[in-house]
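In case you want the letters, here they are:
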Amino acid sequence: MSATELGRNWSSRLGARRAGLEGVETYANCGKLKRVVGLTLEAVGCEASLGDRCWLLDEHDRKREAEVVGFANDSLYLMPIEDLSGLSPNARVLPGGKALDAPAGNALLGRVLDGVGRPLDGRGPLRNEATTPLAGRDINPLARAPIRQPLDVGVRAINSLFTVGRGQRLGLFSGSGVGKSTLLGMMTRYTEADVVVVGLIGERGREVRDFVETTLGKEGMRRAVVIATPADRPPLMRMRGAWLATAVAEHFRDQGKKVLLLMDSLTRFAQARREIALAVGEPPATKGYPPSVFTTLPSLVERAGNGTDRGGSITAFYTVLVEGDDANDPVADAARAILDGHIVLSRRMAEGGVYPAIDVEASISRAMTEIISEQQQEQARRFRQIFAAYRQNEDLIAVGAYRGGADPRIDEAIDKYPKLLDFVRQKTSEKVDFQQGLKDLEQTLGDPASPASKAGTGVAATGAMQAPAESAR
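What you are looking at is a predicted structure, and each value in this text was computed from that prediction instead of being measured. (Residues numbered from 1 in each chain as written. Predicted model: local features only at pLDDT ≥ 70, side-chain atom pairs only at ≥ 80, totals over all residues. Heavy atoms only, no water.)

Peer 1: Please explain the packing of aromatic side chains as it appears in this structure.
Peer 2: The geometry of an aromatic ring pair comes down to the distance between the two centres and the angle between the two planes. Evaluated as defined, the whole model comprises six aromatic pairs. One aromatic cluster is present, built from ring pairs that chain together Phe383, Phe387, Tyr390, Tyr417 and Phe423. Lying across the ring of Trp55, Lys63 places its NZ or CZ 5.2 Å from the centre. Its end group placed over the ring of Tyr190, Arg189 keeps NZ or CZ at 5.2 Å from the ring centre. (Phe/Tyr/Trp six-rings, centres within 6.5 Å; stacked < 30°, edge-to-face > 60°. Lys NZ or Arg CZ within 6 Å of the ring centre and 35° of its normal.)

Structure below.
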């Protein structure tokens, strides 16, 4: 047999062998579990890249999923996605390749999933017809459609004073127990959107069922997808929940639909990232938060917003828990810098029975001036001026140090402040559309040409109040 014939024979036999191995599940360089400290698993004897999946096999060959979050020398550092009880020393570690893509498609509507896309609603497995990258796809910032259309969220104060644009990203800032989730629920029910994607990240487990059955209801669930990773889940699962909710919203946006993305909460996402970073040895920088937390936040938030001119939009609301009502909390401060506006909820107003407890002075919508009329801008500005004039001088008014007639602006503020609070108040069961909100705003402010509305600034008003107080002494 000639050398040429021998080579052809070997090539043919090798091709037959390869064809016979197709479809056989293989694992590269099986390693073993060397060390477990807290949430961090250390494996040796195998190779994988950052973000890859790995399978941990116990003595009964039951699989538990983990993800590569770091490495040093010959060791891989893994973070579990599920409970690891039952694992023993030297358990096998099998690299499983890149993380799976996120499920997508209309089959997700009406379903409740966990952070890795597994159903939680007992309605059987998903029959999704498509997938989408969990990490999303980059969009050229110059290709994004600008924010030009207002979005009716059904909340009078937000529609009129802090108008939201389609494709805008806003934060709901407050301390615990002030009404973030309640306000989020109102916007879930009343906002005009083709699809609603809700990410319940790191919140109480009981809130998941309450949100699905009470806030959304059967009618709301028909157009909604809920991703739930409660507080008792591992930190990597909580982060996966936020990524998955965003990936699902991106898929529907790319289909040309108007998507409302609600994430409760961005703070829990940041805390999950902090747990992972500290577990693998990253040093803390700002009040216990490692630097990677503040690079991960924009990578999540920037994926929302408008698509290209021919695409759809993602209007996103992220709740931000302000620890101890400290407005300079690191996560809150970072979120304000990367979002397109913020609605601040005031504990003082909530304690006074004003719900939603929106702090008119501290809240802002950065896209508002591009999407509303000049008349509405002027009315919103005047509302804030009257509100601020009263709040800045509230103590003097309360102790009787101000005499009526000393300053027309203060007189107007005293007269209209109760009406302003009534304007902000709204029942959770009440929907106020955009046009009705503008009518209510005009009625609340009354005649814009009154002498009081043309009075001086708040600084001059404060000075005018002090003079009568001195003469009284």
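Peer 1: I would appreciate a short explanation of the pairing of strand S1 (residues 31-37) in the present structure.
Peer 2: Each regular strand shows side chains that alternate between the opposite faces of the sheet. Bridge analysis of S1 against strand S6 (residues 92-98) gives two bridges, and the strand direction is antiparallel. Counterpart to Gly31 in the pairing with S6 is Val93. Pairing of S1 with strand S2 (residues 40-44) involves five bridges; the strand directions are antiparallel. Bridge pairing in S2 links Leu33 to Ala43. (Pairing = 2+ DSSP bridges. Helix = DSSP H or I, 4+ residues; strand = E, 2+ residues; numbered from the N terminus.)

Peer 1: I keep staring at the nonpolar core and nothing clicks. Help me out?
Peer 2: Here is a general trend for soluble globular proteins: nonpolar side chains tend to be buried in one another's company. Of all hydrophobic cores here, the largest spans 62 residues; its most connected members are Met187, Phe317 and Phe383. Residues in contact with Met187, not counting those within four places in the same chain, are Val153, Val155, Ile158, Leu172, Leu260 and Phe317. Listed in part, the 48 residues of the second largest apolar core include Ile201, Ala249, Val293 and Ile314. (Core = buried A, V, L, I, M, F, W, Y, C linked by side-chain atoms within 4.5 Å. Buried < 20%, exposed > 50% of the residue type's maximum accessible area, 1.4 Å probe, protein only. Contact = heavy atoms within 4.5 Å.)

Peer 1: Just to check I follow, could you spell out the side chain of Thr163 for this structure?
Peer 2: Its location among the elements puts Thr163 in the loop between helix H2 (156-161) and strand S11 (164-165). Here Gln376 takes part through its side chain, which lies 2.9 Å from a polar atom of the side chain of Thr163. In this structure, Thr163 is in contact with Pro150, Ile158, Gln168, Ser365, Met368, Ile371, Ile372, Gln376 and Phe434, ignoring residues within four places of it in sequence. (Polar contact = N/O pair within 3.5 Å; in protein donor to acceptor, adjacent residues only side chain to side chain.)

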